[in-house]
Amino acid sequence: MQYIYTDITITPYSEMASDVLTAMLGDIGFDSFEMTDTGVKAYIPEEQFDEESLKDTLSNIFLPDVHFTYTLHTLENKDWNEAWEQNGFDPILEREFGIRLHPRMAFGSGSHETTYQITSQLLQQDFTHQRVLDMGTGTGVLAIAMAMRGAEEVVAIDIDEFSVENAQENVLLNHINNVCVKLGDASAIEGTFHTIVANIHKNILTADMPTYVQHLLPHGTLILSGFFTDDVPEMTHVAEAHHLTLQATYEKNNWAVLQFIKN
């Protein structure tokens, strides 16, 4: 899958403007973000990109005396290695948690608050004898974390062929032998699980919530991330409508992780 990324400059830069910008870009399909000193790099699959939607979104951000400019770039799969080498890959997950990743892609590397936060939470839990699912696996880091914490069987699913290949590579790199990585969306989920983890954009989480609940065992755990703290009430409301009860909330730098139990 080929990605487009837009390098957006915020003038004058502020963290509040950056948070508003990423939230609105998420609503038009951008699924990964990298914070810079002057703004945001936002990534989206090429087939989902619409420049007019981007222009409309930027023009509809009403922040007094704040201006947005952007440039567009195409990022092919083959360019990830070179991009990592040029930007200096920081193996934070290996340094702090012992999880090794081949630096082929930014998404799920641990450099973003959601990945780091949810990984640290998973490594504090016990998944012994559990069948677990990592939905939207990316690099496979969350699947690896649950396997390290005793999961009996781990299924990891992603819609991106390149992510599936990278996750499989990282599973082997960490000497894990009970992770099955599959290509697909929520319709590819089969069977039931004790724990389901999904670190994806909130619109996808909302749309796929019924499927997650359908495949979650009674009293099973659903862990969601990939959205801002301002979205917590909305995500909690959606989950409660599907007979889930909020167990715990974790926050870091305006990003949230929610843990629910199925009633």
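Residues numbered from 1 in each chain as written. Predicted model: local features only at pLDDT ≥ 70, side-chain atom pairs only at ≥ 80, totals over all residues. Heavy atoms only, no water.

1. Considerations on the sheet that holds strand 2 (residues 32-35)
Selection rule: Strands are labelled as partners when DSSP assigns at least two bridges between them. Only DSSP runs of H or I reaching four residues or more are called helices, and only runs of E reaching two or more are called strands; each is numbered from the N terminus. What counts as an axis is a line fitted to C-alpha atoms, over the stretch in contact for a helix, and the angles between N-to-C directions run from 0 to 180 degrees. Note on contacts: a residue pair is in contact if any heavy atoms of the two residues lie within 4.5 Å.
Pairing is antiparallel in the open sheet, where four strands are placed in the order 2-3-1-4. Strand pairing shows two members of the sheet lacking a second neighbour, strand 2 and strand 4 (67-75), which therefore form its edges. Each neighbouring strand pair of the sheet contributes to a mean axis angle of 20°, computed without reference to strand direction. Here helix 2 (residues 51-59) sits on the sheet and contacts strand 1 (3-11) and strand 4; the angle it forms with strand 4, its principal contact strand, is near 155°.

2. Overview of the sheet that holds strand 9 (residues 216-228)
Strand order in the open sheet formed by seven strands is 7-6-5-8-9-11-10, and the pairing between neighbours is mixed. Edge positions in the sheet fall to strand 7 (179-183) and strand 10 (244-252), since each has one partner strand and no second. When strand polarity is set aside, the average angle formed by the axes of neighbouring strands in this sheet is 15°. Sheet topology places strand 8 (residues 193-199) next to strand 9; six bridges connect them, and they run parallel. Across the sheet, the residue bridging to phenylalanine 193 is leucine 216, located in strand 9. The strands that helix 7 (residues 161-173) touches are strand 6 (153-158) and strand 7; relative to strand 7, the one it contacts most, it runs at about 170°.

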